[in-house]
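# Residue-level structure breakdown
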Amino acid sequence: MSSLTQQRVLAITPKCTSIISICSSSFIIYEVYCDYRQNKSSAIQRVLVGMSCIDICASFGWFLSTWAVPEETGFALARGTTASCNFQGFLLQLAVGAPLYNSSLALFYLGGPG
């Protein structure tokens, strides 16, 4: 069994990395929005916005990490309920959409116009 210190590190690390991911995806959405306002938006950018939105939801799920886990499980920093755990699971399942968006970008580059 792992020590309490190891459990805390494993509980806190996803919070740090998910904040970076949320900020990066938000920046992509902001950049695409600025291009949209200048009528420079493209199909690739719209796919990037979709992928970034999915990433923000999934990263928020990772940010919750053990906070959403029910207290009775005994995990480090667990403060949630069964409902919060289910909500976190829903957010993490949305992450399946990111590879689908990524595949559509790859297909666009392989067979797209130009």
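Everything below is about the structure shown above.
Summing up its helical and strand segments, the chain has four helices and zero strands in all. Helices (α) and strands (β) of the chain occur, in sequence order from the N terminus, as α-α-α-α. Rg of the C-alpha trace for the chain: 18 Å, well past the compact-globule value of 13 Å for 114 residues, more than 25% over. For the chain, buried positions account for 25% of its 114 residues.

On to unusual backbone geometry. With phi around 60 degrees, asparagine 39 is a residue other than glycine that occupies positive phi space. Residue placement: asparagine 39 occurs in the loop between α1 (4-37) and α2 (43-64). Although it is not a glycine, serine 65 sits at a positive phi angle of roughly 25 degrees. In this structure, serine 65 sits in the loop between α2 and α3 (82-93).

Moving on to the packing of aromatic side chains. Applying the stated rule across the entire model yields two aromatic pairs. Judged by centre distance (5.4 Å) and plane angle (85 degrees), the rings of phenylalanine 63 and tryptophan 67 are edge-to-face. It is lysine 15 that lies over the ring of tryptophan 67; its NZ or CZ is 3.9 Å from the centre.

To continue, consider the environment of asparagine 86. Within the secondary structure layout, asparagine 86 lies in helix α3. The spacing of asparagine 86 and alanine 76 is 10 residues in sequence and 18 Å in space, taken between C-alpha atoms.

About the thresholds
- Residues numbered from 1 in each chain as written.
- Predicted model: local features only at pLDDT ≥ 70, side-chain atom pairs only at ≥ 80, totals over all residues.
- Heavy atoms only, no water.
- Helix = DSSP H or I, 4+ residues; strand = E, 2+ residues; numbered from the N terminus.
- Rg over C-alpha atoms; globule rule 2.2 N^0.38 Å.
- Buried < 20%, exposed > 50% of the residue type's maximum accessible area, 1.4 Å probe, protein only.
- Phe/Tyr/Trp six-rings, centres within 6.5 Å; stacked < 30°, edge-to-face > 60°.
- Lys NZ or Arg CZ within 6 Å of the ring centre and 35° of its normal.

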